[in-house]
Amino acid sequence: MRAHQLAWPLLFCAAPASALVASSRACHVRAHVRLLTPVRAAAEACRDDELDGDEDEFDPSDGEELFFGSGDEFGEELFFGSGDEFDPASDSEANQLDPSDPFYSEEVLISAPDVRTLRIVRPSNDAVLEQLMAQFQLEAMAEPARFNQIMQMRIEESVRNRPRTWYWSLVWPSAVALCRWLGQDPAAQQLVGGKAVLDLGCGIGVAGMGAVVLGGAGSVVLAEADTRALKYAAFSAGLNSVGSAVACRQLDWTAPLPEDLRASFSAILLSDVLYDADAAEPIARCAAAALSDDGVIILADQVDRPYSSASRRTALCEALEAHSPAPAGTHWSVRSSALTPVEWNDAMHNVQIAVVSRC
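Residues numbered from 1 in each chain as written. Predicted model: local features only at pLDDT ≥ 70, side-chain atom pairs only at ≥ 80, totals over all residues. Heavy atoms only, no water.

### Looking at the overall build of the protein chain
(1) Moving on: Within the protein chain one finds eleven helices and eleven strands.
(2) Moving on: By residue count, 50% of the 359 residues in the protein chain fall in the buried class.
(3) Moving on: Taking all contacts inside the protein chain whose residues are at least 6 apart in sequence as the whole, residues at least 24 apart take part in 68%. (Helix = DSSP H or I, 4+ residues; strand = E, 2+ residues; numbered from the N terminus. Buried < 20%, exposed > 50% of the residue type's maximum accessible area, 1.4 Å probe, protein only. Contact = heavy atoms within 4.5 Å.)

Right, here's the structure in full:
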């Protein structure tokens, strides 16, 4: 057996799911990545030179993840499990993340003094990782001769881009701060109370759910490009008994806004969406088309980012001006802002919540 043939699995042995993905408070989660156990065992055995010949094969009856030698070479073909895990060759429902399944999901509670607790269900880090690995395997299986090379390349890309791979599935501090602000600040509640709200780039719908449950919004459209996120958002809406007030829409903010959403919203929530330097322009174009004439944009962004959140807010206002010029004598600007510290995942985060409107 050659040690280099285990190179791509060792990437995740060195960086388990808990290190690759931001953690969150969890209930009802089976916290393990089944892929890792045999890979680690094989790597240790390889290092200790204990495996030889027929012993290079793991027993499928033990229910753990397996990889078998092919011919005389160990590790040329890889098989992940023998039961209920994702099947990379299948498009069946079994391959879909299921919000109601305790293995795939964990419940996060967002609370603050004197306000209702918001229940959010998100996919477990392990389930997201397992689905991701199945996608990588499917791509690699198309070129058997380059299987290991493709797997290693895709995993290295995932590690380099972390946590972007998991962006859609996380509960971000900015959304938590926004929920608490909506639940505790009367001025915030006046902005959304009884009104139509759009949560643009909603992820799993935390901020938009907070607008309904805590802020008293009349209705919320949760808009997100990733349908996996919307599946979880819809499930959380049911958990909080606000399904009738919440609609989920697949929406890419770089595409033209659907006609039925134009000029339809009194408030638009933008929570942690300006992470890319060029994001302000397409977001502003989409928001300007969706906002009613007297509408406001509520922007929440962490100030402890590597970029300047103030410069991103300025860029957003400039882009709004370009796509929806304010009447003479007015312009798009930050009408009010508040620095909101929030403790989340055992760390303190400073979130700037800004109300942007024509002033």
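### What to know about the confidence of the model for the protein chain
(1) Moving on: Residue-level pLDDT values for the protein chain average 77, and 72% of them are 70 or greater.
(2) Moving on: Here residues 1–94 scores under 50 on pLDDT; set against residues more than four positions off or in separate chains, the count is 175 contacts. (pLDDT = per-residue confidence, 0-100.)

### Quick look at helix α6 (residues 173–184)
(1) Moving on: For α6, which comprises twelve residues, the first-to-last C-alpha distance of 16 Å matches the rise-based estimate of 16 Å (1.5 Å per residue) to within 8%.
(2) Moving on: Among the twelve residues of α6, eleven are classified as buried, and the element is accordingly described as predominantly covered.
(3) Moving on: Every buried residue belonging to α6 is among Pro173, Ser174, Ala175, Val176, Ala177, Leu178, Cys179, Arg180, Trp181, Leu182 and Gly183, and all of these are buried. (Expected span 1.5 Å × (residues − 1).)

### Things to note about the environment of Glu107
(1) Moving on: Counting through the fold element by element, Glu107 comes out in strand β3 (residues 105–110).
(2) Moving on: C-alpha separation for the pair Glu107 and Val121, spaced 14 residues apart in sequence, amounts to 4.4 Å.
(3) Moving on: A polar contact is formed between the side chain of Glu107 and the side chain of Arg119, at a distance of 2.6 Å. (Polar contact = N/O pair within 3.5 Å; in protein donor to acceptor, adjacent residues only side chain to side chain.)

### Focus on the nonpolar core
(1) Moving on: Among the nonpolar cores identified, the biggest contains 66 residues, and Ile110, Val171, Leu178, Trp181, Met209 and Ile298 are the most heavily contacted of them.
(2) Moving on: With 30 residues, the next largest nonpolar core counts Trp253, Leu257, Ile283 and Leu291 among its residues. (Core = buried A, V, L, I, M, F, W, Y, C linked by side-chain atoms within 4.5 Å.)

### Some points on the pairing of strand β10 (residues 332–344)
(1) Moving on: Direction of pairing for β10 relative to strand β11 (residues 347–358): antiparallel, over a ladder of twelve bridges. From the neighbouring strand, Ser337 faces β11, where its bridge partner is Ala354.
(2) Moving on: Between the antiparallel neighbours β10 and β11 lie two residues, among them Asn345 with a positive phi of about 55 degrees. (Pairing = 2+ DSSP bridges.)

### A few points about the pattern of salt bridges
(1) Moving on: One pass over the full model with this rule turns up ten salt bridges.
(2) Moving on: Here Glu259 makes a salt bridge to Arg262, at a shortest N to O gap of 3.3 Å.
(3) Moving on: The network of salt bridges with shared partners includes Glu139, Arg154 and Glu157. (Salt bridge = Lys/Arg side-chain N within 4 Å of Asp/Glu carboxyl O.)

### Details of the packing of helix α10 (residues 280–290) against helix α11 (residues 309–323)
(1) Moving on: Closest axis-to-axis distance for the α10/α11 pair is 8 Å, and the angle between their directions is 50 degrees. It follows from the interaxial angle that α10 and α11 lie oblique. With respect to the hand of their crossing, α10 and α11 are arranged in right-handed fashion. Along the contact surface, α10 presents Ala280, Glu281, Ile283, Ala284, Arg285 and Ala288, while α11 presents Ala315, Leu316, Ala319, Leu320 and His323.
(2) Moving on: Tallied by class, the residues present in the contact of α10 with α11 amount to eight nonpolar, one polar and two charged. (Axes fitted to C-alpha atoms, helices over the stretch in contact; angles between N-to-C directions. Parallel < 35°, antiparallel > 145°, perpendicular 65-115°, else oblique. Left-handed = near helix turned anticlockwise from the far one by under 90°. Nonpolar A, V, L, I, M, F, W, Y, C, P; charged D, E, K, R; others polar.)

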